[in-house]
Amino acid sequence: EISDVDFWSALEFTLLYTFATTPIIIVLGFGLALATNRLTERLRGPVVFVMLLPMIVTPVVSSLAVYWLFVDGGVVAASLESLGFGRFYFLADQFTIRAVIIAYGVWYAAPFAFIILYAGLQTVPEEPIEAAIIDGASPWQRVRYIVIPHLSPLFAVITLIHVMDSYRVFEPILVFGSSVFANSVQYLTYYTLVFENNIHKASAYAILTVLGVIILLIPIMIKTYKDQKVEK
């Protein structure tokens, strides 16, 4: 039911996860792409490989890796305690468990933004850059007025794909067992179908998930369409 408290709680964190991770992965991916593009040819290959490692691992396995880092007595909690910061229970508090899941989402998705934007940087024309250097433009001005406009279609593509993917966040909720503090519409659909055996309610949640994705994508698609129309 649309008045279901569980649904609204799941929707709240789903939107928080989507709107928190999307701008961070774009900024972080762009920054990493710019930094990598300045490296020597010999260093670029190994750096790109290391950056893409989170994408190679499946979401369930990567979620488990992060889970074991932050679980009670895990590496992070034990390290902080040994340094005199006291005992932390990251997975027993709403704020920290949400922060960990969002951090996981950034770590897992940023390589996608990085590789798309890094490839886009290879297509930036040299002539405008050289002209800007002659005119005395600073590095930031060259990025702001030449590089970013050139890569704007790629920013739109990354946003579209990540919004669709992040709205369907499922694996970290399942692995962390965080549904009390951080639920998602996708996990709620799974739980309702598997544990409550309520196919009708689960179908309703699935339809609401699709509608939610469409609603989020409409403004992005309209803006992309207008930008392309202006360019033409």
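As a reminder, the structure under discussion sits directly above these lines.
Conventions and cut-offs
Residues numbered from 1 in each chain as written. Predicted model: local features only at pLDDT ≥ 70, side-chain atom pairs only at ≥ 80, totals over all residues. Heavy atoms only, no water. Helix = DSSP H or I, 4+ residues; strand = E, 2+ residues; numbered from the N terminus. Buried < 20%, exposed > 50% of the residue type's maximum accessible area, 1.4 Å probe, protein only. Contact = heavy atoms within 4.5 Å. Areas by Shrake-Rupley, 256 points an atom, 1.4 Å probe, with all protein chains shown as cover. Lys, Arg positive; Asp, Glu negative; His and termini not counted. Charge placed at Lys NZ, Arg CZ, Asp CG, Glu CD. Salt bridge = Lys/Arg side-chain N within 4 Å of Asp/Glu carboxyl O. Polar contact = N/O pair within 3.5 Å; in protein donor to acceptor, adjacent residues only side chain to side chain. Axes fitted to C-alpha atoms, helices over the stretch in contact; angles between N-to-C directions. Parallel < 35°, antiparallel > 145°, perpendicular 65-115°, else oblique. Nonpolar A, V, L, I, M, F, W, Y, C, P; charged D, E, K, R; others polar. Phe/Tyr/Trp six-rings, centres within 6.5 Å; stacked < 30°, edge-to-face > 60°. Core = buried A, V, L, I, M, F, W, Y, C linked by side-chain atoms within 4.5 Å.

Asks: Before we move on, can you summarise the overall build of the protein with the specific residues and values?
Replies: Helices and strands together make up the secondary structure of the protein, namely 10 helices and 0 strands. Viewed in the frame of its principal axes, the protein has a C-alpha envelope of about 65 × 50 × 25 Å. A burial count over the protein gives 38% of its 232 residues as buried. For the protein, long-range pairs separated by at least 24 residues make up 70% of all intrachain contacts whose partners lie at least 6 apart in sequence. Summed over its atoms, the accessible surface of the protein is roughly 13400 Å², and 69% of this surface lies on carbon and sulfur atoms. Placing the 13 positive and 17 negative side-chain charges of the protein at their respective mean positions leaves the two points 8 Å apart.

Asks: Which residues make up the pattern of salt bridges, and what are the values?
Replies: What the rule picks out here adds up to 4 salt bridges. Between Arg87 and Glu81 there is a salt bridge, with the nearest N and O atoms lying 2.9 Å from each other. We classify Arg87 as partly exposed; its relative accessible area is 44%. The residue Arg168 makes a salt bridge to Asp165 at a minimum N-O spacing of 3.7 Å. Exposure remark for Arg168: the relative accessible area of 39% places this residue in the partly exposed category.

Asks: Describe the side chain of His162, with residues and values.
Replies: For His162, the location among the structural elements is in helix H7 (residues 139-167). In terms of polar contacts, His162 uses its side chain to reach the side chain of Thr21, at 2.9 Å. In this structure, His162 is in contact with Thr21, Thr22, Ile25 and Ala109, ignoring residues within four places of it in sequence.

Asks: Outline the side chain of Thr36, supporting the account with residue identities and numerical values.
Replies: Mapped onto the fold, Thr36 is located in helix H1 (residues 5-37). By relative accessible area, which is 2% here, Thr36 ends up buried. Those residues in contact with Thr36, other than ones at most four positions away along the chain, are Arg44, Val47, Val48, Met51, Phe114 and Tyr118.

Asks: Before we move on, can you summarise the environment of Asn183 with the specific residues and values?
Replies: Within the element layout of this structure, Asn183 appears in the loop between helix H8 (171-176) and helix H9 (185-194). Leaving out residues up to four positions away in the same chain, Asn183 has contacts with Ala10, Phe13, Thr14, Ile173, Ser178 and Leu188.

Asks: Lay out the packing of helix H3 (residues 59-70) against helix H4 (residues 75-82) in plain terms, naming residues and giving numbers.
Replies: Contact pair H3 / H4: the axes reach a minimum separation of 4 Å and the direction vectors enclose 25°. When the axis of H3 is compared with that of H4, the two are roughly parallel. For the pair H3 and H4, contact is made by Trp68, Leu69 and Phe70 and by Val75, Val76 and Ala77, respectively. Grouping the amino acids of the contact of H3 with H4 by side-chain chemistry returns 6 nonpolar, no polar and no charged.

Asks: Residues and numbers for the packing of aromatic side chains, please.
Replies: Pairs of aromatic rings are described using the distance from one ring centre to the other and the angle between the two planes. Tallying each qualifying case throughout the model produces 17 aromatic pairs. Measuring from centroid to centroid gives 5.3 Å for Phe7 and Trp8, while their planes differ by 70°, and the two rings are edge-to-face. Residue Trp8 is classed as partly exposed on the basis of its relative accessible area of 45%. The rings of Phe170, Tyr187, Tyr190, Tyr191 and Phe195 are connected pair by pair, giving a single aromatic cluster.

Asks: Could you give me a rundown of the environment of Ile161, with the residues and numbers involved?
Replies: Note on placement: Ile161 falls in helix H7. When its relative accessible area of 36% is taken as the criterion, Ile161 is described as partly exposed. Considering only alpha carbons, one finds Ile161 and Met221, 60 residues apart in sequence, at a separation of 11 Å.

Asks: Could you give an account of unusual backbone geometry, with specific residues and numbers?
Replies: For Asn197, which is not a glycine, the phi torsion comes out positive at approximately 55°. Positionally, Asn197 belongs in the loop between H9 and helix H10 (199-231).

Asks: Kindly report on the nonpolar core, identifying the contributing residues and their values.
Replies: Generally speaking, a soluble globular protein has its nonpolar side chains buried in company with each other. Counting 22 residues, the largest nonpolar core has Phe13, Tyr17, Val66, Tyr67, Leu91, Ile101 and Phe176 as its most contacted members. Among the secondary structure elements, those contributing two or more residues to this core are H1, H3, helix H5 (94-121) and H8. With 6 residues, the top contributor of residues to this core is H5. When residues no more than four places from it in sequence are discounted, the contact partners of Leu91 are Tyr67, Phe70, Val71, Ile97, Phe176 and Phe181. Counting 21 residues, the second largest nonpolar core, distinct from the first, contains Phe30, Tyr118, Leu121 and Val124.

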